[in-house]
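# What the coordinates show
So you can see what is in the structure, the chains are spelled out below.
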Amino acid sequence: MKRLLIFISLVSLFQVGFAQNDTIDIPARKLSFNDFMAYYSTNDTSAAVIEFFFERKETNAVTEMMFLPLSAGVFLLSPPLGFGMGVISVPFFIHGTYTLIRFNKKKLKRILIEYNETGYLPKNIRKKANKIIYYYSLPDDY
């Protein structure tokens with residue numbers, strides 16, 4: 001009986017500890033694109049900002065960073081060719097790392113919370129969001 005009582009109390013304690021209903025408590029790194037769209041997208045501008053951040057992070061940064069491991073693999077097969085490719089791909093890798101740091105999910109969450117509270121977006125992000133909205137508003141017959 002005593003073991004059952006301890007087990008039930010531990011289960012209820014863990015259940016309260018792991019149940020999270022509010023997204024403010026969830027770390028930004030654990031939120032996906034769909035979570036950001038569901039919780040923080042209030043209008044077209046915020047949806048465009050979310051799309052811009054994830055596009056920069058997933059498409060551009062990862063593609064740029066992919067060249068360095070490929071050139072390391074080529075270096076094992078042909079060192080002169082791999083060294084030349086490595087010299088060319090190091091700046092791409094550094095820029096991809098910078099892009100990952102610049103467009104991280106924590107910054108996106110902070111910008112979206114500030115935008116929902118005050119309606120303010122930084123100038124460069126506002127320009128990019130307006131371009132995305134304009135692109136989606138064009139007719140499909142082009």
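The rules behind each value
- Residues numbered from 1 in each chain as written.
- Predicted model: local features only at pLDDT ≥ 70, side-chain atom pairs only at ≥ 80, totals over all residues.
- Heavy atoms only, no water.
- Helix = DSSP H or I, 4+ residues; strand = E, 2+ residues; numbered from the N terminus.
- Contact = heavy atoms within 4.5 Å.
- Patch = residues over 30% accessible without salt bridge, like charges linked within 9 Å, V, L, I, M, F, W, Y side chains within 5 Å.
- Areas by Shrake-Rupley, 256 points an atom, 1.4 Å probe, with all protein chains shown as cover.
- Salt bridge = Lys/Arg side-chain N within 4 Å of Asp/Glu carboxyl O.
- Lys, Arg positive; Asp, Glu negative; His and termini not counted.
- Charge placed at Lys NZ, Arg CZ, Asp CG, Glu CD.
- Phe/Tyr/Trp six-rings, centres within 6.5 Å; stacked < 30°, edge-to-face > 60°.
- Buried < 20%, exposed > 50% of the residue type's maximum accessible area, 1.4 Å probe, protein only.
- pLDDT = per-residue confidence, 0-100.
- Core = buried A, V, L, I, M, F, W, Y, C linked by side-chain atoms within 4.5 Å.

## Some words on the side chain of threonine 45
Along the chain, threonine 45 turns up in helix α3 (residues 44–65). If near-sequence neighbours (up to four positions away) are discounted, threonine 45 is found in contact with Tyr115, Leu121, Arg126, Ala129 and Ile133.

## A word on a positive patch on the surface
Residues Arg102, Lys123, Lys127, Lys128 and Lys131 make up a contiguous surface patch of positive charge. With 4 residues, helix α7 (residues 123–137) is the largest single contributor of residues to the positive patch.

## Structural notes on the packing of aromatic side chains
With the rule as written, the count across this model stands at 8 aromatic pairs. Here phenylalanine 33 and phenylalanine 54 contribute two aromatic rings whose centre-to-centre distance is 5.4 Å and whose plane-to-plane angle is 85°, an arrangement assigned as edge-to-face. Here the residue phenylalanine 33 occupies a position in helix α2 (residues 33–40), and phenylalanine 54 occupies one in helix α3, the gap between them amounting to 21 residues. For phenylalanine 33, a relative accessible area of 32% puts it in the partly exposed group. Owing to a relative accessible area of 5%, phenylalanine 54 belongs among the buried residues under this scheme. With a centroid separation of 5.5 Å and an interplanar angle of 55°, the aromatic rings of tyrosine 135 and tyrosine 136 are classed as tilted. We note that tyrosine 135, like tyrosine 136, is exposed. Cluster of aromatic residues (ring-pair linked, three or more members): Phe33, Phe36, Tyr40 and Phe54.

## A look at the confidence of the model for the protein chain
With 85% of its residues at a pLDDT of at least 70, the protein chain reaches an overall mean of 84. Within the protein chain, helix α6 (residues 105–118) carries the highest mean pLDDT (92), whereas helix α1 (residues 2–18) carries the lowest (64).

## A word on the nonpolar core
Membership of the largest hydrophobic core comes to 19 residues, with the highest contact counts inside it found for Phe36, Val49, Phe53, Leu108 and Leu112. Of all the secondary-structure elements, those providing two or more residues to this core are α2, α3, α6 and α7. Broken down by element, this core gets its largest block of residues, 6 residues, from α3. Setting aside residues no more than four positions away along its own chain, leucine 112 makes contact with Phe36, Tyr40, Ser46, Val49 and Ile50.

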